Amino acid sequence: MATAAELDTATVFVGLGGNLGDPVRQLRTALAELAALERTELTGVSHLYRSAPMGPPGQPDYINAVARLHTRLTPEALLDALQAIEARAGRDRSGARWGPRTLDLDILLYGDRRIGSARLQVPHPGIAARNFVLYPLAELAPDLDIPGLGPLPALLARCPPAGLERLAERGE
Ligand code: ROI
């Protein structure tokens, strides 16, 4: 039988992205910080991807990846922890919406939960339209069923990998 601790553990997917400074380095530092979070285990990291910017043109390409965590942190506590990691990477939240950023950490999925609060929307509302999320996510969980959106393979079929380049390096 599962213990209470196991019952409280959620599988979470976090999207990482950045296009200012040295994004590969910032993503690696962020992954090390995710691995060090309390009540949390980092259980998988996709390759790194270079992706064409979604949003205003004229900004540098992004580096993206997806990480899988097993955590006993609540969604809100995890969000606090992710925002603290972003802040340590020099994230400046005063820029334009969809403008360039040093580091962005998004809770893509938190188990099979659907959350719609002022601070947090899970599944992340942009997932289905973002190849830089779907393709790295598929490396970690190819058959995932996304609450409210359906099976990942069907989402991939509708979201071609245009402008997306898988780099040789893995995130670890
Ligand atoms: N575009 C790409 N390619 N990758 C991102 O991580 C990303 N993040 C964002 C916006 C500005 C929407 N564009 C992006 O937040």
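As the structure is a prediction and not an experimental result, all values here were calculated from the model.

**Q** Help me get a handle on the pattern of salt bridges, residues and values and all.
**A** For the coordinates displayed, the defined rule picks out five salt bridges. For the salt bridge of R119 with D80, the shortest nitrogen-to-oxygen distance reads 2.8 Å. With R119 in the loop between strand 6 (115–116) and strand 7 (121–122) and D80 in helix 3 (residues 75–88), this pair connects stretches of sequence that are 39 residues apart. Note that D104 and R101 form a salt bridge whose closest N and O atoms lie 3.0 Å from each other. Residue classification places R101 among the buried positions, given a relative accessible area of 14%.

**Q** Account for helix 2 (residues 23–35), with residues named and values stated.
**A** Side chains of residues three or four places apart in an α-helix project in the same direction, reflecting 3.6 residues per turn. For helix 2, which comprises 13 residues, the first-to-last C-alpha distance of 18 Å matches the rise-based estimate of 18 Å (1.5 Å per residue) to within 8%. Within helix 2, burial applies to P23, Q26, L27, A30, L31 and L34. Mapping the buried residues of helix 2 onto a view down its axis gives an arc of 140°, with all of them on the same face. Buried residues belonging to helix 2 abut strand 1 (10–18), strand 2 (40–45), strand 3 (47–51), strand 4 (62–71), helix 3 and strand 5 (104–110).

**Q** Now, about the site of the ligand: what can you tell me, with residues and values included?
**A** All residues in the neighbourhood of the ligand are listed as S51, A52, P53, M54, Y62, N64, W98, R101, D104, R130 and F132. One of the backbone nitrogen or oxygen atoms of A52 is found 2.8 Å away from a nitrogen atom of the ligand. Here an oxygen atom of the ligand and a side-chain polar atom of N64 are 2.8 Å apart. Its free accessible area being 350 Å², the ligand has 96% of it covered by the protein chains. A breakdown of the residues in the shell around the ligand according to their chemical character gives six nonpolar, two polar and three charged.

Rules behind the numbers
- Residues numbered from 1 in each chain as written.
- Predicted model: local features only at pLDDT ≥ 70, side-chain atom pairs only at ≥ 80, totals over all residues.
- Heavy atoms only, no water.
- Salt bridge = Lys/Arg side-chain N within 4 Å of Asp/Glu carboxyl O.
- Helix = DSSP H or I, 4+ residues; strand = E, 2+ residues; numbered from the N terminus.
- Buried < 20%, exposed > 50% of the residue type's maximum accessible area, 1.4 Å probe, protein only.
- Expected span 1.5 Å × (residues − 1).
- Arc of directions from axis to C-beta.
- Contact = heavy atoms within 4.5 Å.
- Near = heavy atom within 4 Å.
- Polar contact = N/O pair within 3.5 Å; in protein donor to acceptor, adjacent residues only side chain to side chain.
- Areas by Shrake-Rupley, 256 points an atom, 1.4 Å probe, with all protein chains shown as cover.
- Nonpolar A, V, L, I, M, F, W, Y, C, P; charged D, E, K, R; others polar.

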